[in-house]
Structure formats: structure tokens, C-alpha cells
Amino acid sequence: MALRRLPAFRPQPRRGRTSARVAGIPPTVFSRMSALAASTGAVNLGQGFPDTEGPSTIVEQAVEALRSGHNQYAPGLGTADLRRAIADHQWAQYGITVDPETEVVVTTGATEAIAGALLGLVDPGDEVIALEPFYDSYAAMTAFAGGVLRGVTLRAPDFRLDADALRAAVTKRTKLLLINTPHNPTGTVLDREELEAIARVAVDNDLIVVTDEVYEHLVYSGHEHVPLATLPGMAERTLTLSSVGKSFSLTGWKVGWATGPAELVAAVLGAKQWLSFTSGSPLQPAVAWALAHEQAWPASLARDLEARRDLLCDGLDALGLPARRPEGTYFAVTDISALGWRDGLEFCLALPERAGVVAIPLQGFYADGSRDGEQLVRWAFCKETAVLEEGLRRLGAAELTR
């Protein structure tokens, strides 16, 4: 019997092992620049983490929680004491009433709250409007949800909201406004007139609003943080996000939260339960204690940061890098157009070798195709005074022009 000839083996081209969803999103610029700082020994004025620790009293509460058995899963919504403390904070600070049983969810930092909100509220094809430049997770998580991010630009040098541009950006596909105030990276604190313009757009178009308020307590002299949820017509459509990290200099704890209408909070929980489900079980009682017993500490931190802001901005001004003095947050922005570099990324990649300093370029904080941020660079002043002084000394000794 003749043997049947088998067809020649032809290897099939291997499909990419990384999903197109992930492959289409570049790594965060913060990891890249912080790695560059570590490898070169540069002063890191890029990533926004503070050099100083939060109150030791809060740390001791976490130690006690570890020792007393808070080492298993916390409820997916967060521990009851933390949810009550968050609700009490919203009432005491802003007169906002939320039900801790249905209108508060604890997340793994505000970053997971952003992810949960976008995955839980945005369907493929929905449009999300964000104020640009924006925190880079906004673009990534909108893409993960299948949404389309539209930017409304806060333009240099003042970085104020253009209400007409916001209204013009709304289309029939717009689902959600993603508002960040105090604003990272520009340091703008939206004033009441700007917030009222946002509220009118939201109400007129029946839009959901997600507000990222992680810098709510880091606001400087002459300015006030007003939560969007306190404006008429906004409580029923606004999901408010915050965290312990910035207010108490505990960024590594990654304990955040979302508050708002039960339907919106349930959407965050619906996504979050398939991300972390829960985290930070021994940290949650400590955060609850902080919100109840260390209410004065963030105001003291803001005063200290304001002095460091002035040190950095005065120093940059003297070096020919005029900085717009931020109204809140950890960051100041400079325009490097006069230095002759192609863009901020080229400048920031060369800066560690030239000056021994790391900063963050802003062009990655804009919607695709925008050129508004090409010459803008962000500097962090949430560092020890000696670190800021050393960074300025190094910059002053370096040749910064191309």
C-alpha cells in the first residue's frame, strides 16, 4: 500500500503575544524618567513623590492594625470604618452628604478609581472629554474601555479653562467629562466661574462628570478648592475621586476612594472587583484614623509646599526658565522654547547628563496630534529644601541651550 504524502510543514507566522490594546499604549513617562534618574544619580525633580514621610501617628495606626489581625481581605467596598470616615470628611470639609453604605468605594489609589470609573462607565465608541495636559492614565484607561479621548486644552502661559472650547468639544457621542482640579501637571485650581461653566455644559448635555481631586488639600494662598459636586445640578451626576497619598504624604500606600451617586459608585465597584477586588487591609483602618484625627496635617503640608514652590520657581526664573507659579499640587511648568531644543522630551533626555537633574516632558499629556505641550516641562517641588537647592545649583552650572 502506497504511503500518503503529507503536505510540507510550513511554520505559521507567530501572532504577537502582546494585545493590541496594550501594545498601542506607550509606557508611562514617569517610569522612564525615574529610571533615568536612578541610573545617572540625577536629582529627581520629575516624578511627584514627596521626600518626607507622612505623620508617624498614622504609621503607628497601620502597625497596630498589622499586629491586631487586619491581615486578611477587606470588603470589596472597603472597610466600614474607612467608608464612614470618607463620608464624614466630605461633610466636614464641603457639606457633601454621601451614604457610606452605597455611595463610597475604597480603591487601590486614585489610579484604580480612575480605571474603575472609565471601565465601569464608558462603552466602546463613547467620547470622554478631559482637560489637557492630563495625567497619562486618563488616555490609557479610556483606550482600554474602548472610548475616545477628546482634549480641551488649558493653554500656556495661564492654563485657564476656555468655556467655549469645552462646549464646542461636546458631540452626540460624548458620555463623560473627566475633570482634574487642582490640576496636574499645570497647577491650576479651577475657580468658581470655570466650575460653573463646566456644570452648565454637563447639565445641558446630561453628561456624567468624574472629578479627580487628589490634590484637594494642596492649594496655596489666595485660592480655594471647590468640589464640582457642590454646584447646583451636579451632585446627582458627579463621581468624585481622591486618596490619602497626596494629602498625607503616603503615596506608596495606594489607598483611594470614589464617592457619589450609588449608581456611579456601583459602576466603579463593578470594574474594580475584577482588578484588585481589595487591597491594603491593614492600611484602611489607619487611613480612617487619619481622616478623623489628623485633619490639620494637610493644611500644614500645604504651607510647607508653598514655600518650596516659591524656592523652585524663583530659582527657575533666575536661570531663564520662567515658571508659571502654580495655585496647587506638587508641580510647576516652564516653557523651554528659548533654549533651542526640538521638544521637551529631547531636553529632558539630555538633562541628566548635562545637569544631573530629571524633569518630565509634557507632550505625552495631550491627545494624539496635539503640539501644544511640545516645549513644556514639568518640575516637582515636593522635595526636601536641600534637594531643590541642589537641583537648582546643578541647573545653574550646566549649559541648558541646545
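Residues numbered from 1 in each chain as written. Predicted model: local features only at pLDDT ≥ 70, side-chain atom pairs only at ≥ 80, totals over all residues. Heavy atoms only, no water.

Naming follows an unreviewed UniProt entry, where the chain appears as Putative succinyldiaminopimelate transaminase DapC of Nocardioides jejuensis. Note on the chain: under the UniProt heading Cofactor (unreviewed entry), the record states "pyridoxal 5'-phosphate". Listed in UniProt under the heading Sequence similarities (unreviewed entry), the comment for the chain reads: "Belongs to the class-I pyridoxal-phosphate-dependent aminotransferase family." (UniProt positions renumbered as here; feature names shortened; annotations may be inferred.)

Peer 1: I tried to follow helix H5 (residues 109-121) on my own but got confused; where do I start?
Peer 2: One full turn of an α-helix is made of 3.6 residues, so residues set three or four places apart face in the same direction. If you check H5, its first and last C-alpha atoms are 18 Å apart, about what 13 residues at 1.5 Å a residue would give, namely 18 Å. The buried fraction of H5 is high, at 10 of 13 residues. By the burial criterion, the buried members of H5 are Gly109, Ala110, Glu112, Ala113, Ile114, Ala115, Gly116, Ala117, Leu118 and Leu121. (Helix = DSSP H or I, 4+ residues; strand = E, 2+ residues; numbered from the N terminus. Expected span 1.5 Å × (residues − 1). Buried < 20%, exposed > 50% of the residue type's maximum accessible area, 1.4 Å probe, protein only.)

Peer 1: Could you clarify how one ought to interpret the side chain of Gln90 in this entry?
Peer 2: Tracing the backbone through its elements, the reader meets Gln90 in helix H4 (residues 80-94). Classification of Gln90 by relative accessible area gives buried; the value is 3%.

Peer 1: What am I meant to see in the layout of surface pockets here?
Peer 2: Any empty space left between the atoms is revealed when a probe the size of a water molecule rolls over them. The space that makes up the second largest pocket amounts to roughly 180 Å³. Together, Leu121, Thr174, Lys175, Asp206, Leu207, Ile208, Glu236, Arg237, Pro261, Glu263, Leu264 and Ala267 line the second largest pocket. Of all the elements in the fold, those that place two or more residues in the lining of the second largest pocket are strand E5 (174-180) and helix H10 (262-272). When residues of the lining of the second largest pocket are assigned to their parent elements, the largest contribution, 3 residues, is made by H10. Its residues placed into classes, the lining of the second largest pocket shows 6 nonpolar, 1 polar and 5 charged. (1 Å grid on protein atoms, 1.4 Å probe; cavity = no way out; pocket = protein on both sides within 12 Å on 5 of 7 lines; lining within 4 Å. Points joined across faces, edges and corners; volume = space filled by probe spheres on them. Nonpolar A, V, L, I, M, F, W, Y, C, P; charged D, E, K, R; others polar.)

Peer 1: What is the right way to look at the nonpolar core in this model?
Peer 2: Taken as a class, soluble globular proteins show a tendency for nonpolar side chains to be buried jointly. Leu177, Phe347, Leu351 and Trp379 are the most contacted members of the largest nonpolar core, which totals 73 residues. No fewer than three residues from each of domain 1 (25-53 + 295-397) and domain 2 (56-294) sit in this core. Setting aside chain neighbours within four positions, we find Leu177 in contact with Ile129, Leu166, Ile198, Val201, Ala202, Leu207, Ile208, Val209 and Val210. The next biggest cluster of nonpolar side chains, apart from the first, holds 26 residues, and it includes Tyr138, Met141, Leu241 and Ala258. (Core = buried A, V, L, I, M, F, W, Y, C linked by side-chain atoms within 4.5 Å. Domains from an automatic or database assignment. Contact = heavy atoms within 4.5 Å.)

Peer 1: Looking at this model, I keep getting lost on empty space enclosed by the protein. Mind explaining?
Peer 2: Taken as a whole and assessed by the stated rule, the structure comprises 3 cavities of 30 Å³ or more. In this model, the largest cavity occupies a volume close to 50 Å³. Lining the largest cavity, in full, are His89, Gln93, His217, Phe248, Leu291, Gln295 and Pro298. Split by residue class, the lining of the largest cavity holds 3 nonpolar, 4 polar and no charged. Estimates place the volume of the second largest cavity at around 40 Å³.

Peer 1: Explain helix H14 (residues 385-397) here, please?
Peer 2: For H14, which comprises 13 residues, the first-to-last C-alpha distance of 18 Å matches the rise-based estimate of 18 Å (1.5 Å per residue) to within 8%. Listed as buried for H14 are Leu388, Gly391, Leu392 and Leu395. Each buried residue of H14 lies within a common arc of 95 degrees when the element is viewed along its axis, so the set occupies one face. For H14, the exposed residues set more than 90 degrees away from the buried face come down to Ala386, Arg393 and Ala397. (Arc of directions from axis to C-beta.)

Peer 1: How should the pattern of salt bridges be read in this particular structure?
Peer 2: If charged atoms from side chains of opposite charge come close, those side chains can pair. Going through the model one piece at a time under the given rule, you end up with 20 salt bridges. The closest approach of N and O atoms between Arg308 and Asp304, which form a salt bridge, is 2.4 Å. Residue Arg308 and its partner Asp304 are both found in helix H12 (residues 297-318); the two are separated by 4 residues, about one turn of the helix. With a closest N to O distance of 3.1 Å, Asp310 and Arg325 form a salt bridge. Here Arg325 lies in the loop between strand E9 (323-324) and strand E10 (331-335) and Asp310 lies in helix H12, a separation of 15 residues in the sequence. Ionic contacts of the salt-bridge type, sharing partners, join the residues Glu306, Arg309, Asp310, Asp314, Asp317 and Arg325 into one network. (Salt bridge = Lys/Arg side-chain N within 4 Å of Asp/Glu carboxyl O.)

Peer 1: Quick question: what am I supposed to make of the domain arrangement of the chain here?
Peer 2: Interfaces are often sized by the amount of accessible area the parts lose when they come together. When the domains of the chain are assigned, the result is domain 1 (25-53 + 295-397) and domain 2 (56-294). A C-alpha centroid distance of 24 Å is found between domain 1 and domain 2. Buried area between domain 1 and domain 2, both sides added, is near 3200 Å², and the carbon and sulfur share of it is 59%. Together, Gln295, Arg324 and Glu327 form the three largest contributors to the area buried by domain 1 at its contact with domain 2, with a combined 22%. Applying the counting rule to domain 1 against domain 2 returns 2 salt bridges. We note a salt bridge from Arg160 to Glu327, for which the minimum N-O separation is 2.8 Å. Viewed at the interface, domain 2 and domain 1 are joined by 18 residue pairs in polar contact (both at pLDDT 80 or more). (Buried area = accessible area lost by both parts, 1.4 Å probe. Polar contact = N/O pair within 3.5 Å; in protein donor to acceptor, adjacent residues only side chain to side chain.)

Peer 1: Got a minute to help me understand the packing of aromatic side chains in this structure?
Peer 2: Remark: the centre distance and the inter-plane angle together describe each pair of aromatic rings, the angle taken between the planes. Counted by the stated rule, this structure contains 9 aromatic pairs. On the basis of an interplanar angle of 35 degrees and a centroid distance of 6.4 Å, the ring pair of Phe134 and Tyr138 is categorised as tilted. With centroids separated by 5.8 Å and ring planes inclined at 75 degrees, the aromatic side chains of Tyr330 and Phe331 adopt a geometry described as edge-to-face. Here the two residues Tyr330 and Phe331 agree in accessibility, since each one is buried. Aromatic rings pair up to connect Phe134, Tyr135 and Tyr138 into one cluster. (Phe/Tyr/Trp six-rings, centres within 6.5 Å; stacked < 30°, edge-to-face > 60°.)

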